[in-house]
Amino acid sequence: MKTDDTARHLTAPRRAVLQILADHGPIDEAGIRAAWRASRPDMSPRHVRELPRMIRHLLWRLEILEWVALGEHGYELTDVGRSIVTDPTGPRHPSPPRHVR
């Protein structure tokens, strides 16, 4: 994935799940929810109710991006996911030259 694609897809909630997996993975959905709630103790009741759906959706997206994978013991970062946690800006590519008239 190119740097621009990574930046386009790396939302704050996705970054939070990647960090939870980096800190606690492999981990199941319930563990991810517990870690999310622990990091945000002031969540509204509605947020708490919607958290299972939100986490499932985030994991689905992260799997499609191939940043996480479901392993034998739960969700874990892929090599790409680990590289994003380490350097969220991705590989540095020089800017294309601008044409001067």
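Just above sits the structure.
Residues numbered from 1 in each chain as written. Predicted model: local features only at pLDDT ≥ 70, side-chain atom pairs only at ≥ 80, totals over all residues. Heavy atoms only, no water.

Peer 1: Whenever I open this one, the overall build of the chain confuses me. Can you help?
Peer 2: The number of helices and strands found in the chain is five helices and two strands. Reading the secondary structure of the chain in the N-to-C direction produces α-α-α-α-β-β-α. Across the 101 residues of the chain, 31% fall into the buried class. Partitioning the contacts of the chain with sequence separation of at least 6, the portion at a separation of at least 24 is 53%. For the chain, the computed accessible surface area is about 7,200 Å², with 53% contributed by carbon and sulfur atoms. (Helix = DSSP H or I, 4+ residues; strand = E, 2+ residues; numbered from the N terminus. Buried < 20%, exposed > 50% of the residue type's maximum accessible area, 1.4 Å probe, protein only. Contact = heavy atoms within 4.5 Å. Areas by Shrake-Rupley, 256 points an atom, 1.4 Å probe, with all protein chains shown as cover.)

Peer 1: Explain the nonpolar core to me, please; I cannot follow it from the model alone.
Peer 2: Nonpolar side chains in soluble globular proteins tend to be buried together. Among the nonpolar cores identified, the biggest contains 22 residues, and Val17, Leu18, Leu21, Ile32, Trp36 and Ile55 are the most heavily contacted of them. Ignoring anything within four residues of it in the chain, the contact list for Leu18 reads Leu10, Leu62, Trp67, Val68, Leu77, Ile84 and Val85. (Core = buried A, V, L, I, M, F, W, Y, C linked by side-chain atoms within 4.5 Å.)

Peer 1: Can you help me understand the pairing of strand 2 (residues 74-77) in this one?
Peer 2: Across a regular strand the side chains alternate sides, sitting on one face of the sheet and then on the other. The sheet contact formed by strand 1 (residues 68-71) and strand 2 spans four bridges and is antiparallel. Across the sheet, Val68 pairs through a bridge with Leu77, a residue of strand 2. (Pairing = 2+ DSSP bridges.)

By themselves, these observations are geometric and do not establish any function.
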